[in-house]
Amino acid sequence: MKTMKKIVSLVLVCLMCMSVAAFAAFGANYIGEAKAKEIALSAAKVSAADAKFLTVEFDFENRIAVYEVEFYFGSTEYSYDINATTGAILKAEIDKNGVNLPDPDAAYIGKAKAKEIAFAAAGIKEADAKKVKVDFDYDDGIAKYEVDFHFEKNDYEYDIDALTGTILKAEKERDFDFSDLFFANLFEKLFAAIKALFTK
């Protein structure tokens, strides 16, 4: 009887593991940045060749995974939030108030220098950081580099003035890494439960 209970318990644990894996696979089934750009450009009726300073950011809005697509065409700025799973447009903003585009010939400091400034400010070596990303952006008439990276369970975000190298914004947040924390703890508990079944 005890052996049967152990077998049933083991089967239930395996089913739980399979469910978690299936959930993770489903969660990762996103349309991708390229498709998100295609959807946004199509909605704006702007060709990829005509779109300037096009950027795509993955984010969560109200617990929904989204791609935030931004670009310029002429003197208009376009911003779209695209559902990362379905491709539906959740938000569309069009600013036609005479946006001045950044000067492509301006003496920008470059992404490498922007990273150097951000890591120096954080007191961290780039080689020790993970998920390093640098994007060029242009907000409210200011050209800037957005430098993001991860180090020891913390997310760092810096906005660096693209012309002067001045730090416009610096943020450090404790990261809740779903894959590192949730799954690690879950499987640790599952394996502990399996071990307990066969040691009684």
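It should be emphasised that the depicted structure is a prediction, and the values quoted were computed from it without experimental measurement.

Which residues make up the sheet that holds strand E5 (residues 130–139), and what values do they have?
In space, the four strands of this open sheet follow the order E5-E6-E7-E8, with antiparallel pairing throughout. A strand with exactly one partner marks an edge of an open sheet, and here the two such strands are E5 and strand E8 (167–174). Here the strands of the sheet are splayed against their neighbours by 15° on average, with no regard to which way each runs. Across the sheet, helix H3 (residues 111–122) touches E5, strand E6 (142–151), strand E7 (154–161) and E8, and the angle it forms with E6 is around 55°.

Please provide a residue-by-residue account of the nonpolar core, values included.
Core analysis: the biggest nonpolar cluster contains 19 residues, and Ile124, Tyr145, Val147, Phe149, Tyr156, Tyr158 and Ile160 have the highest contact counts within it. Residue assignment for this core shows that the elements contributing at least two residues are H3, E5, E6 and E7. Once residues lying within four places of it in the same chain are set aside, the contact partners of Tyr156 are Ala122, Ile124, Val147, Asp148, Phe149, Phe151, Glu171 and Lys172. Core analysis: the next-biggest nonpolar cluster, separate from the first, contains 16 residues, Ala40, Val69, Tyr80 and Ile82 among them.

If you had to explain the packing of aromatic side chains to someone new, which residues and values would you point to?
One pass over the full model with this rule turns up 12 aromatic pairs. Both rings, one in Phe149 and one in Tyr158, keep their centres 6.2 Å apart while their planes meet at 10°; by these two values the pair is stacked. The burial state of Phe149 is the same as that of Tyr158; both residues are buried. Feature note: the residues Phe53, Tyr72, Tyr108, Phe136 and Tyr145 constitute an aromatic cluster, connected by ring pairs.

The rules behind these values
- Residues numbered from 1 in each chain as written.
- Predicted model: local features only at pLDDT ≥ 70, side-chain atom pairs only at ≥ 80, totals over all residues.
- Heavy atoms only, no water.
- Pairing = 2+ DSSP bridges.
- Helix = DSSP H or I, 4+ residues; strand = E, 2+ residues; numbered from the N terminus.
- Axes fitted to C-alpha atoms, helices over the stretch in contact; angles between N-to-C directions.
- Contact = heavy atoms within 4.5 Å.
- Core = buried A, V, L, I, M, F, W, Y, C linked by side-chain atoms within 4.5 Å.
- Buried < 20%, exposed > 50% of the residue type's maximum accessible area, 1.4 Å probe, protein only.
- Phe/Tyr/Trp six-rings, centres within 6.5 Å; stacked < 30°, edge-to-face > 60°.

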